[in-house]
Amino acid sequence: MGVNESRAAGSVGAGAGDMRGGREGLDGAAGGVGAVRVTCDGAGDADAVGAVDIAVGSGTAARGTSAAAVGRFAPSPTGRMHLGNVFSSLLAWLSVRSQGGKLVLRIEDLDDRARSGPWDALLMDDLRWLGLDWDEGPYYQTDRIDLYADAVRQLDEMGLVYPCFCTRAELHAASAPHASDGTPVYAGTCRGLTAAEVAARSKARPPALRLKVPPVQGIASSRGPFESDAPESKHSKTELTDFGNSMPRELTFGDCSERGVRGGAALRGTADGIRGGAASQGAAGDVRGAAASRSAAGGDAGVMHFEDRTYGPQREVLAEECGDFLVRRSDGVYAYQLAVVVDDADMGVNEVVRGCDLLGSTARQMYLQDLLGYAHPSYAHVPLLVAPDGRRLSKRDRDCDMGVLREHFGTPGALLGRLAYVAGLVPSPEPRTADQLVDEFRWSAVCEHRDNIAVEECFFA
């Protein structure tokens with residue numbers, strides 16, 4: 001089945017309008033409000049100076065607030081879903097449904113690999129079989145290119161975007177440290193190119209576009225990228241796992257009502273009444289020009305703080321953890337970090353639930369959200385399911401893919417009940433439907449089992 005046929009097959013809403021209302025919202029961990037001044041001093045004709053004051057907020061909406069949870073399932077259809085994908089999507093679905101919220105389905109198909117094969121139709125069929133319905137979509141990223149181009153134009157107007165001619169081989173050959181997702185921490189090689197140098201190099205190969213992050217200035221110490229003065233989970237980002245050169249893509253629902261729809265950010269239910277300094281009903285409509293008090297949160301330029309629902313307080317120094325990062329690849333494809341931020345804001349997503357392998361993406365996405373004037377969603381990263389030998393489950397290796405799982409378990413309830421049991425969500429492995437699990441779902445159970453989970457041999461039969 002081709003992409004067009006797949007889109008037609010998936011266009012019928014899965015349970016649209018079924019909000020499962022009346023369920024009480026989950027306990028929220030409201031994070032503090034921080035502030036950071038973004039200052040990027042450039043050199044050369046191609047490197048303009050930009051200075052932006054932005055406020056940074058984190059955490060989740062408190063129980064009982066009026067903001068409705070809006071989550072999303074955002075798979076990249078490069079293969080059939082496997083058990084780990086099912087687990088993260090189940091938790092995202094349970095979180096939103098337990099709050100009476102709404103789910104958006106987004107197909108992240110910007111990469112060529114995601115546009116070949118029948119995977120989008122299969123993943124929608126598997127979701128329906130599992131009982132994990134959605135209320136809006138499917139939306140395809142390939143239909144949204146103009147939005148990403150507009151976001152890059154906004155960043156360029158701030159003097160924060162510059163062309164980069166470094167090849168992937170050159171980047172990986174460098175001795176620089178690597179970020180948690182396997183990408184090298186960019187050393188700023190092309191940051192100071194003059195306009196003449198850019199023009200000359202462009203004749204040989206098209207450039208990628210990178211976003212400047214603030215340099216390390218006045219940061220009190222060189223603590224790990226996710227360390228904090230506040231008490232935090234023993235599970236720092238760097239302790240979770242090392243995935244080498246993996247290319248993470250999200251397979252989640254996510255985000256509770258804090259993202260505005262392109263220019264109309266919503267209030268978030270915090271003790272202060274407003275989240276993230278983002279534009280919100282009459283408040284400063286554009287955070288890019290708002291002056292934020294850095295002393296309010298003791299924030300340093302280029303240091304991002306957020307509260308993860310599962311792993312606790314997190315801190316990242318962008319310059320040390322990732323460096324200037326891509327917003328558009330040299331082949332013209334918009335980068336994952338940019339596209340997901342634009343999409344979540346445009347779709348009103350405000351709760352992100354996803355695998356802990358994507359914890360390292362959060363600071364970059366928050367940085368983009370602030371620059372573009374979007375509010376921050378709440379974040380909840382969840383443990384990964386691994387094979388009995390500790391190896392990460394993979395689409396490429398067809399580990400426990402849904403074809404095998406459907407044949408082995410026979411019914412959705414048998415699979416979901418067993419999965420919920422090994423993850424510590426329920427006390428016994430008896431069959432349970434997705435709806436039945438909603439009534440038993442508690443985030444506290446996820447937090448108590450936040451180490452990666454080795455699944456039982458029965459899933460590999």
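Residue numbers run consecutively from 1 along every chain, following the written order of its sequence. Local features in a predicted model are, by the rule used here, given only for residues with pLDDT of at least 70; side-chain atom pairs are given and counted only at 80 or more, and totals for whole chains, interfaces and linings are based on all residues. Remark: hydrogens and water are excluded; side-chain values derive from all non-hydrogen atoms of the structure.

**So, the pattern of salt bridges**
Should a side-chain nitrogen of Lys or Arg be within 4 Å of a carboxyl oxygen of Asp or Glu, the pair is scored as a salt bridge. Inspection of every chain in the model, using the stated rule, returns 18 salt bridges. Notably, a salt bridge pairs R329 with D331, separated by 2.7 Å at the nearest N-O pair. Each residue is assigned to one of three classes by its accessible area relative to the maximum for its type, calculated with a 1.4 Å probe on protein chains only: buried under 20%, partly exposed between the two thresholds, exposed over 50%. Given a relative accessible area of 24%, R329 falls into the partly exposed group. Classification of D331 by relative accessible area gives partly exposed; the value is 47%.

**Overview of the nonpolar core**
Counting 47 residues, the largest nonpolar core has M81, L83, L91, L127, L130 and L419 as the members making the most contacts within it. Strands are runs of DSSP state E lasting at least two residues, helices are runs of H or I lasting at least four, and both sets are numbered from the N terminus onward. Counting residues per element, the ones that place at least two in this core are α2 (83-98), β4 (102-107), α3 (119-130), β13 (378-382), α11 (402-409), α12 (412-422), α13 (434-438) and α14 (443-448). In terms of residues, this core owes the most to one element, α2, which gives nine residues. We call two residues contacting when some pair of their heavy atoms lies within 4.5 Å. Apart from the residues lying within four places of it in its own chain, the contact partners of L127 are F73, M81, S89, L105, L132 and W134. Judged by nonpolar contacts, the second largest core, of 38 residues, contains L155, M304, V340 and V342. In this description, a nonpolar core means a group of buried Ala, Val, Leu, Ile, Met, Phe, Trp, Tyr and Cys residues linked to one another through side-chain atoms lying within 4.5 Å.

**What about the packing of aromatic side chains?**
Stacked, tilted and edge-to-face pairs are distinguished by plane angle, under 30 degrees for stacked and over 60 for edge-to-face with tilted covering the rest, among Phe, Tyr and Trp rings (Trp via its six-membered ring) whose centres lie within 6.5 Å. Under the definition given, this model contains four aromatic pairs. Seen in terms of ring centroids, F441 and W443 are 5.5 Å apart; in terms of plane orientation they differ by 75°. Their pairing is edge-to-face. Exposure class is identical for F441 and W443. Each is buried. Here, a charge over a ring means that NZ of Lys or CZ of Arg falls within 6 Å of the ring centre while also lying within 35 degrees of the ring normal. Against the face of Y186 rests R210, its NZ or CZ located 3.8 Å from the ring centre.

**Quick word on the pairing of strand β5 (residues 136-140)**
Summarising the sheet, β4 and β5 pair through three bridges and their orientation is parallel. Its bridge partner being in β5, V104 is matched across the sheet by E136. Viewed with both strands pointing away, a crossover whose connecting path from the first strand over the helix to the second turns clockwise is right-handed. In this region the chain leaves β4, passes through α3 and returns to the parallel neighbour β5; the handedness of that crossover is right-handed. Whether two strands pair depends on DSSP finding at least two bridges between them.

**Some words on the sheet that holds strand β3 (residues 70-73)**
If you walk across this open sheet you meet the three strands as β3-β4-β5, and the pairing is parallel. Each edge of the sheet is formed by a strand with only one pairing partner; in this case those strands are β3 and β5. The mean inter-strand angle of the sheet, taken between neighbouring strand axes irrespective of direction, is 25°. As paired strands, β3 and β4 are joined by four bridges and run parallel to one another. Opposite F73, over in β4, you have L105 as the bridge partner. Angles shown run from 0 to 180 degrees and are taken between the N-to-C directions of axes, each axis being a line fitted to C-alpha atoms and, for helices, limited to the stretch in contact. Sitting on the sheet, α2 touches β3 and β4, and the angle it makes with β4 is about 145°. Across the face of the sheet, α3 comes into contact with β3, β4 and β5 while running at roughly 155° to β4.

**Let's talk about the confidence of the model for the chain**
On average, residues of the chain carry a pLDDT of 72, and 62% of them reach 70 or more. The low-confidence segment residues 8-66, where pLDDT is below 50, has 193 contacts with residues more than four positions distant or belonging to other chains. pLDDT measures how confident the predictor is about each residue, on a scale from 0 to 100. Contacts from residues 218-299, a stretch scored under 50 in pLDDT, to residues over four places away or in other chains number 263 contacts.

**Re the packing of helix α9 (residues 336-346) against helix α10 (residues 362-372)**
At a minimum axis separation of 9 Å, α9 and α10 run at an interaxial angle of 55°. In terms of orientation, α9 and α10 fall into the oblique class. Crossing of α9 against α10: the hand is right-handed. Along the contact surface, α9 presents Y336, Q337, L338, V340, V341 and V342, while α10 presents R364, Q365, L368, Q369 and L372. Here is the rule for angles: anything less than 35 degrees is roughly parallel, anything more than 145 is roughly antiparallel, 65 through 115 is roughly perpendicular, and the remaining ranges are oblique. The crossing is said to be left-handed when, going from far helix to near helix, the turn is anticlockwise and less than a right angle, and right-handed when the turn is clockwise.

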